[in-house]
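# Survey of secondary and tertiary structure
Below, each chain spelled out in residue letters.
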Amino acid sequence: EPLPGIRVVIKQLSPFLAHSYSEASLPCGTLLVEVTNTDPLMEAEVSVMFSFQNGTDIATSSKINAAVKSNTCVAVGADDQRLHRPFEASDGSVTGILMQSAVHNIPGTDHIPSSGSKCFAAQGETSFAIATSPSLLSAAAPCKTRASSCSRFVSARASDRNRFFSCASPSSATAADRDKGSEASASRLWRLFVAHGDIAEVLQHDKVVGEDAAGTAQAAAVCLRKTLRPLQRELFPFALAWATPIVRFGGGDCFRRYFTRFFGHSGDSSAAIAAYALHNAADWDGRISAWHSETLSLLPVSDNSSTAGTDSSGGYYRHQLFNELYFLVDGGTIWTDTSAGLDNPWQESRLAEKLIDIAGGDRGSQLSVSLSELQQLRVRMLQHDEFCQRADGGDQSAVGQFMYLEGHEYLMYNTYDVHFYASFALLMLWPQLELSLQKDFALAVCLEDRSIRRMMGEGALRPRKVAGSVPHDLGSPTEAPWRKTNAYNFQDVSNWKDLGPKFVLQIYRDLTYLKHQRLGKGAINTDRFLQMTYPILLEVMHNTAKFDCDDDGMIENSGFPDQTYDIWTAKGVHAYCGGLWISACNATCSLATQMGDGATVDRYRDLAGRAQRVYVSSLWNGRYLDYDSSSSKHHDSVMADMLAGHWYARACGLPALLPPRQVL
């Protein structure tokens, strides 16, 4: 409660919508500020301001650099008005500021080709938009409301040594000068907001001086003021959108992001996206709440009457289920409108073209976003979702390609031994993206890159990618994802024992899950997906079987860290890799049955049976499974993940590796 009688609750909302292949791709979020006047007798006038810093843009930067060199003053006002422009929805329901942040001259990208294709028309443009609505999401009995905005103010200075806004040099500026026009405009904006509850334009003729100029950053703000009756509760909605329509990788490849299919390739599309977000925030909120409730209803309920209706984990599991999904959005995520690393045919609708025309109009005037076109666009997006739910599994012409980093410090896309665990979430929420990702790995199995690299772990020289092996990852943002796989260079992954079985198990798991699920009005057709991946899957299993050194049906590890735990050595039969291999043999047998491939059924049924007998006889010590069958002093250690193969088998309905009495 910021003041007596006023209670504030802020809800952040983004279109993280399960089974959405349109709205879920939108780069935006909303802040729904719920304010309650708890006083039973008196009205309360409440103002909420939302500001966002754009930073130092290219046009202003060139002026600032010249000013730094000559130690002269430079205006950051009228000439750069085109960089920040107000916009409104055509019916007045949304008002906001579009902030361009052009990045045409990125160092190191001079070699990127300028294609004649439409998708490169706005190459390099980036924009942000903030917006609010004086009428949307209001109570049934609306209150007195006023929206105001400030399209530009200076939000950051290079140092605190000087007030660098001045009519002359900092040393000669008088106190009167500073009071009159030299004070940082952010401070003036704040004083205006506190005094009147509204904001207005504050940056008109400020000047930037000398070397401090290089640190200037500009921002914009929108404000909503409402008069709340006694005990009234009101929402103050705000939206933030950002549009960088073209993805650029270090190797020179450029691709359209998936949201451009709906909002076009213009860097100015963030204004339309912000307006769309405000108009659909209530619907998103309801759909997300319904999804959460449905999921929570499946959890075990606590027997404790004091926690009736809550899951037995006391909330921990709920936190893991929902909050930890953030990494699918914020994990260096890239969702492109491509197939097999090539742009899909341009499918921008006439509606998107109209939005681009509006956003790209006279840069000196206020923009107008057509509400009717946004409504038509929403209908088209929902129809697209229905189409995707009935499309062939992993059809990249429909759903594009999806990548996320292993971590912000490990710059590798779709690290496969990690995705083995994380993929359950993607499969359950966006199954078409999961199948699209698996298609990418199937294609990558066939790639070969004989360039030699020195492995950081053991110092050996090894080829980057061996044909027929499952890659560790699909590449790095600093190179050329999809084309140059295996950015990882710590160990030689072509000799890892777990990647092949993990590929087979994930394919089988995905197909088994989707066979029993129906999404929307139709079911994903996985027949072509199986036909495409099956021969590649057999090649992977054939190559993995070569690690069986004594022809007993069980693969052996080679005495170096040849699996995901890449500083742990294993030799001989390994509890972790051996279990994955047995389950992969059983999965291959099941898939071969579906394909009518009797010879493969017989081969892998025999391998699975022989491997399981070796697995138990080599590792079971009467109490638990040893780590491996070597004579090392650590051979009888307990590895927390040693039964990953057993877990995956049980999750997919495959035969268990061990009887229940031997597994906790």
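Attention now goes to the overall build of the chain. The helix and strand tally for the chain stands at 17 helices and 22 strands. By the burial criterion, 52% of the 664 residues in the chain qualify as buried. Sequence-distant contacts, at least 24 apart, represent 74% of the contacts inside the chain between residues at least 6 apart. Within the structure as shown, the chain displays about 28,800 Å² of accessible surface, and the carbon and sulfur contribution to it stands at 53%.

Turning our eyes to something else, we now look at the sheet that holds strand S5 (residues 84-89). With respect to topology, 7 strands assemble into an open sheet ordered S1-S2-S11-S7-S6-S5-S17, the strand pairing being mixed. Strands at the two margins of the open sheet, each flanked by one partner only, are strand S1 (6-13) and strand S17 (367-369). Averaged over neighbouring strand pairs, the angle between their axes works out to 20 degrees when direction is ignored. Inspection of the sheet shows S1 paired to strand S2 (residues 28-37) by 8 bridges, in the antiparallel sense.

Turning to the packing of helix H12 (residues 431-445) against helix H14 (residues 527-545), a few remarks are in order. Interaxial distance between H12 and H14 falls to 10 Å at its minimum, and their mutual angle equals 45 degrees. In terms of axis orientation, H12 runs oblique to H14. Two packed elements cross with a definite hand, and for H12 against H14 that hand is left-handed. Residue-level contacts link Leu435, Gln438, Lys439, Ala442, Leu443 and Val445 of H12 to Phe529, Met532, Thr533, Ile536 and Val540 of H14. Classifying every residue of the contact of H12 with H14 gives 8 nonpolar, 2 polar and 1 charged.

Further remarks concern the packing of aromatic side chains. Inspection of the entire model under this criterion finds 30 aromatic pairs. A centroid spacing of 6.4 Å and a plane angle of 85 degrees characterise the contact between Phe420 and Trp647, whose relative ring orientation is edge-to-face. Taken together, the residues Phe420 in helix H11 (residues 416-429) and Trp647 in helix H17 (residues 644-652) connect sequence positions 227 residues apart. Measuring from ring centre to ring centre gives 5.1 Å for Trp647 and Tyr648, while their planes differ by 90 degrees; the resulting arrangement is edge-to-face. One aromatic cluster in this structure is built from Tyr258, Phe262, Tyr326, Phe327, Trp335, Phe402 and Tyr404. One residue, Lys497, lies across the ring of Phe547, its end atom 4.5 Å from the ring centre.

Moving on: the side chain of Thr600. Here Thr600 is to be found in helix H16 (residues 598-619). On the basis of relative accessibility, which here comes to 12%, the residue Thr600 falls in the buried class. Apart from residues lying up to four places away in sequence, Thr600 is in contact with Tyr534, Leu538, Thr588 and Ala592.

Quick look at the nonpolar core now. Counting 127 residues, the largest nonpolar core has Phe87, Phe263, Phe503, Met554, Trp581 and Tyr615 as the members making the most contacts within it. One finds Val33, Ile97, Leu224 and Phe238 within the second-largest nonpolar core, a separate group that totals 18 residues.

Glancing now at the packing of helix H15 (residues 575-595) against H17. For any two helices packed against each other, the geometry is given by the interaxial angle and the distance between the axes. Closest axis-to-axis distance for the H15/H17 pair is 7 Å, and the angle between their directions is 30 degrees. Relative to H17, the element H15 lies roughly parallel. Every residue of H17 that contacts H15 at Tyr576, Gly579, Leu580 and Ser583 is listed here: Ala644, Gly645, His646 and Ala649.

Another aspect to go through is the pattern of salt bridges. Throughout the structure, instances matching the rule amount to 24 salt bridges. One salt bridge in this structure joins Glu45 and Arg225, with 3.6 Å as the shortest N-O distance. You can see Glu45 sitting in strand S3 (residues 44-55) and its partner Arg225 sitting in strand S10 (residues 217-228), a full 180 residues away along the chain. Judged by relative accessible area, which is 55%, Glu45 ranks as exposed. For Asp198, the salt bridge identified is with Arg146, shortest N-O distance 3.0 Å. With Asp198 in the loop between helix H3 (185-196) and strand S9 (207-209) and Arg146 in strand S8 (residues 144-156), this residue pair connects regions lying 52 residues apart in the sequence.

The subject of this paragraph is the environment of Arg453. Within the fold, Arg453 resides in strand S19 (residues 449-454). Judged by relative accessible area, Arg453 falls into the buried class, the value being 17%. If we skip the residues at most four places from it in the chain, Arg453 touches Ala460, Leu461, Arg462, Arg464, Asn486, Ala487, Tyr488 and Asn489. Among the polar contacts listed, one links the side chain of Arg453 to the backbone oxygen of Asn486, at a separation of 2.8 Å. In this structure the side chain of Arg453 is engaged in a polar contact, spanning 3.0 Å, whose partner is the backbone oxygen of Tyr488.

Before going further, it helps to examine the environment of Trp620. Considering the arrangement of structural elements, one finds Trp620 in the loop between H16 and H17. Sequence separation of Trp620 and Ala575 is 45 residues, and the distance between their C-alpha atoms is 9.6 Å. Not counting residues within four places of it along the chain, the set of residues in contact with Trp620 comprises Tyr615, Leu625 and Gln662.

What follows deals with the confidence of the model for the chain. Taken residue by residue, the chain gives an average pLDDT of 83. The fraction at 70 or more is 79%. Predicted confidence for residues 356-364 stays below pLDDT 50, and this span has 21 contacts to residues more than four positions away or in other chains.

Helical geometry note: an α-helix holds 3.6 residues per turn, so side chains three or four residues apart project in the same direction. The terminal C-alpha atoms of H3, which comprises 12 residues, lie 16 Å apart, in line with the 16 Å expected from a rise of 1.5 Å per residue. At the exit of H3 stands Gly197, carrying a positive phi of roughly 75 degrees.

Conventions we followed
- Residues numbered from 1 in each chain as written.
- Predicted model: local features only at pLDDT ≥ 70, side-chain atom pairs only at ≥ 80, totals over all residues.
- Heavy atoms only, no water.
- Helix = DSSP H or I, 4+ residues; strand = E, 2+ residues; numbered from the N terminus.
- Buried < 20%, exposed > 50% of the residue type's maximum accessible area, 1.4 Å probe, protein only.
- Contact = heavy atoms within 4.5 Å.
- Areas by Shrake-Rupley, 256 points an atom, 1.4 Å probe, with all protein chains shown as cover.
- Pairing = 2+ DSSP bridges.
- Axes fitted to C-alpha atoms, helices over the stretch in contact; angles between N-to-C directions.
- Parallel < 35°, antiparallel > 145°, perpendicular 65-115°, else oblique.
- Left-handed = near helix turned anticlockwise from the far one by under 90°.
- Nonpolar A, V, L, I, M, F, W, Y, C, P; charged D, E, K, R; others polar.
- Phe/Tyr/Trp six-rings, centres within 6.5 Å; stacked < 30°, edge-to-face > 60°.
- Lys NZ or Arg CZ within 6 Å of the ring centre and 35° of its normal.
- Core = buried A, V, L, I, M, F, W, Y, C linked by side-chain atoms within 4.5 Å.
- Salt bridge = Lys/Arg side-chain N within 4 Å of Asp/Glu carboxyl O.
- Polar contact = N/O pair within 3.5 Å; in protein donor to acceptor, adjacent residues only side chain to side chain.
- pLDDT = per-residue confidence, 0-100.
- Expected span 1.5 Å × (residues − 1).

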